[in-house]
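Report on the structure
Chain by chain, the residues run as shown.
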Amino acid sequence: MAKSLITLTDISSDELLEIFNRIKKLKVKIKKRESIKILENKVVGLLFEKPSTRTRTSFEAAALRLGANTIYMPSSEMQLKRGEPIKDTARILGDYLDCLIARVYEHDDVVELAKYSSICVINGLSDLSHPTQVICDLFTVLEVKGKLKGLTMAYIGDGDNMCHSLMVGCAMVGMNINCACPKGYGPKPEIINEARKIGEKTGAKINVVDDPKAAARGANVFYTDVWVSMGDEASAQQRMKDFADYQINADLVKLGSKDASVMHCLPAHRGLEITDDVIEGPQSIVWQEGANKMYGAAGILDFLLGGK
Ligand code: CP
Ligand code: NVA
């Protein structure tokens, strides 16, 4: 059974550092457009139930740059749409492919894809987590700050898939995280506990509050995500009201450290979760973060499929 990446806890802290090293090396080579054939003869499938600009393209581009072939499979064009069970799909795709990147609504579906196929399955976002995004994000922080351990991230917004993976990822690298989420929109208690347990070993403190200012004070990195995730559209109107005070703007960023950086996984909604002046401003590392999704995807594929 090949190693899969369904949540960040599928890898150890040491393996996460190894992935960062692979990303760093591959970034240099890819930027020089060197020929890298470490995934030659591999076939990577991308099964997407939801839209994607970055995750789909970055993984597909990275796989192609590493010499693999790719097949994009929107679920709307598969028998899944007509009710074929996930486990039957998984068994068949497992015979055809070497790796499957899957973006799903229900986290259990990506777990089932991995369970019923013998190949490497990578979670390209589920309602519970977005592990590959956080690997690329932490790599970006490492590039910008030169370290991760001991820094503090302020996450402002929904206690969603991004918040969950950031809590676990920060805990794994010894980075503190203060999450400020409106009442009723906090992260799942089991993920908070999981992150705190990891933090006990690495020294990371995981705080969940409902006051954005309390989360922001002294932060080295600010992070936010959409107020309405894919799948949450039915509650969009209510969310606009409930999240109105959970915006990363210039006043909030002033509460952080002087050289604080601002991140967003994208897509961003200017004037809602982040203001235009902040995302376009000098403290924003959002575009470096977005670019690193492809180098990150390359490092992840190399780690999972490329061998030593
Ligand atoms: N950040 C991210 O996952 O973007 P996409 O939805 O465009 O893949
Ligand atoms: N929380 C967002 C992340 C998008 C990359 C969503 O699930 O839609």
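Here, the structure is the one placed above.
Let us look at the structure shown here. Model, not experiment: these values are computed from the prediction.

**With respect to the pairing of strand β8 (residues 221–224)**
Side chains of β8 alternate between two faces, with Val 221 and Tyr 223 and Phe 222 and Thr 224 buried alike. Pairing analysis gives four bridges linking strand β5 (residues 152–156) to β8, with the strands arranged parallel. Bridge pairing in β8 places Ala 154 opposite Phe 222. In the sheet, β8 pairs with strand β9 (residues 261–264) via four bridges, with the strands oriented parallel. Bridging across to β9, Val 221 finds its partner in Ser 261.

**Section: the packing of aromatic side chains**
How two aromatic rings sit relative to each other is given by the distance of their centres and the angle of their planes. Under the definition given, this model contains six aromatic pairs. With a centroid separation of 6.4 Å and an interplanar angle of 45 degrees, the aromatic rings of Phe 20 and Phe 139 are classed as tilted. Placement of Phe 20 in helix α1 (residues 13–31) and of Phe 139 in helix α5 (residues 131–145) is noted, with a sequence separation of 119 residues between them. Residue Phe 20 shares its accessibility class with Phe 139, and that shared class is buried. A centroid spacing of 4.7 Å and a plane angle of 55 degrees characterise the contact between Tyr 185 and Phe 243, whose relative ring orientation is tilted. Of this pair, Tyr 185 sits in the loop between β6 (176–180) and α7 (189–202) while Phe 243 sits in the loop between α9 (236–242) and α10 (250–254), and the two are 58 residues apart along the sequence. What links up through ring pairs into an aromatic cluster is the set Tyr 185, Trp 227, Phe 243 and Tyr 246. Positioned above the aromatic ring of Tyr 72 is the side chain of Arg 56, whose terminal nitrogen or guanidinium carbon lies 3.5 Å from the ring centre.

**Considerations on the nonpolar core**
Counting 66 residues, the largest nonpolar core has Ile 135, Met 175 and Leu 301 as the members making the most contacts within it. The residues contacting Leu 301, other than those within four sequence positions of it, are Leu 39, Phe 59, Ala 62, Ala 63, Leu 66, Cys 99, Ile 122 and Gly 306. Formed by 21 residues, the second largest nonpolar core is a distinct cluster that contains Tyr 185, Tyr 246, Val 262 and Ile 279.

Rules of the game
Residues numbered from 1 in each chain as written. Chains lettered and ligands numbered in written order. Predicted model: local features only at pLDDT ≥ 70, side-chain atom pairs only at ≥ 80, totals over all residues. Heavy atoms only, no water. Buried < 20%, exposed > 50% of the residue type's maximum accessible area, 1.4 Å probe, protein only. Helix = DSSP H or I, 4+ residues; strand = E, 2+ residues; numbered from the N terminus. Pairing = 2+ DSSP bridges. Phe/Tyr/Trp six-rings, centres within 6.5 Å; stacked < 30°, edge-to-face > 60°. Lys NZ or Arg CZ within 6 Å of the ring centre and 35° of its normal. Core = buried A, V, L, I, M, F, W, Y, C linked by side-chain atoms within 4.5 Å. Contact = heavy atoms within 4.5 Å.

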